[in-house]
Amino acid sequence: MSVLFPKTNKPREWDYRPIYYDPEKEARKDRKLARLQHGAFREQHEKNMTELRKNKKKSNLVFWVALLLILLLFVWVLS
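Residues numbered from 1 in each chain as written. Predicted model: local features only at pLDDT ≥ 70, side-chain atom pairs only at ≥ 80, totals over all residues. Heavy atoms only, no water.

## As for the overall build of the chain
Step number 1: Each helix and strand counted, the chain has two helices and zero strands in total.
Step number 2: The globule rule puts the C-alpha radius of gyration for 79 residues at 12 Å, and the 33 Å found for the chain is more than 25% above it.
Step number 3: With respect to the principal axes defined by its C-alpha atoms, the chain has extents near 105 × 40 × 25 Å.
Step number 4: Within the span of the chain, comprising 79 residues, buried residues form 0% of the whole.
Step number 5: By element, 62% of the accessible surface of the chain is carried by carbon and sulfur atoms, the whole surface being about 9,200 Å².
Step number 6: In the chain, 17 positive and 9 negative side-chain charges are present, and the distance between their average locations comes to 8 Å. (Helix = DSSP H or I, 4+ residues; strand = E, 2+ residues; numbered from the N terminus. Rg over C-alpha atoms; globule rule 2.2 N^0.38 Å. Buried < 20%, exposed > 50% of the residue type's maximum accessible area, 1.4 Å probe, protein only. Areas by Shrake-Rupley, 256 points an atom, 1.4 Å probe, with all protein chains shown as cover. Lys, Arg positive; Asp, Glu negative; His and termini not counted. Charge placed at Lys NZ, Arg CZ, Asp CG, Glu CD.)

Take a look at the structure:
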């Protein structure tokens, strides 16, 4: 079949899309590059860890107060 109908490749099509200026996209790109500066990951990690510690302390406090209230209620019911 290749003798009767030789295969020829199609020529490349012109695929031009103009690039328009998008200020929002540029602002996102600048913020992303600012985050990637030296030490930014460490600072973000330390910030997240301090928030986690605060939340953990608060949840521990709530747990102990609730446990104390349950124990006081239990003692009050038994007496």
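## Observations concerning helix α2 (residues 40-78)
Step number 1: Taking 1.5 Å of rise per residue, 39 residues should cover 57 Å, and α2 covers 57 Å from first to last C-alpha, within 8% of that figure.
Step number 2: Buried residues are scarce in α2, accounting for zero of its 39 residues. (Expected span 1.5 Å × (residues − 1).)

## Brief notes about the environment of Trp14
Step number 1: Tracing the backbone shows Trp14 in the segment before α1 (23-35).
Step number 2: The spatial distance from the C-alpha of Trp14 to the C-alpha of Arg35 is 38 Å, given a sequence separation of 21 residues.

## Observations concerning the packing of aromatic side chains
Step number 1: Taken as a whole and judged by the stated rule, the model has two aromatic pairs.
Step number 2: A ring pair is formed by Phe63 and Trp64, whose centres lie 5.1 Å apart and whose planes are at 70°; its orientation type is edge-to-face.
Step number 3: Given a relative accessible area of 46%, Phe63 falls into the partly exposed group.
Step number 4: Judged by relative accessible area, Trp64 falls into the exposed class, the value being 54%. (Phe/Tyr/Trp six-rings, centres within 6.5 Å; stacked < 30°, edge-to-face > 60°.)

## Topic: a positive patch on the surface
Step number 1: A cluster of basic residues, Lys25, Arg28, Lys29, Arg31, Lys32 and Arg35, forms a positive patch on the protein surface.
Step number 2: Structurally, Arg28 can be placed in helix α1.
Step number 3: Overall, Arg28 belongs to the partly exposed group, its relative accessible area being 45%. (Patch = residues over 30% accessible without salt bridge, like charges linked within 9 Å, V, L, I, M, F, W, Y side chains within 5 Å. Salt bridge = Lys/Arg side-chain N within 4 Å of Asp/Glu carboxyl O.)

## Points about a nonpolar patch on the surface
Step number 1: Side chains of Leu61, Val65, Leu68, Leu69 and Leu72 sit close together on the surface and give an oily, nonpolar patch of about 500 Å² of accessible area.
Step number 2: Mapping Leu69 onto the fold places it in helix α2.

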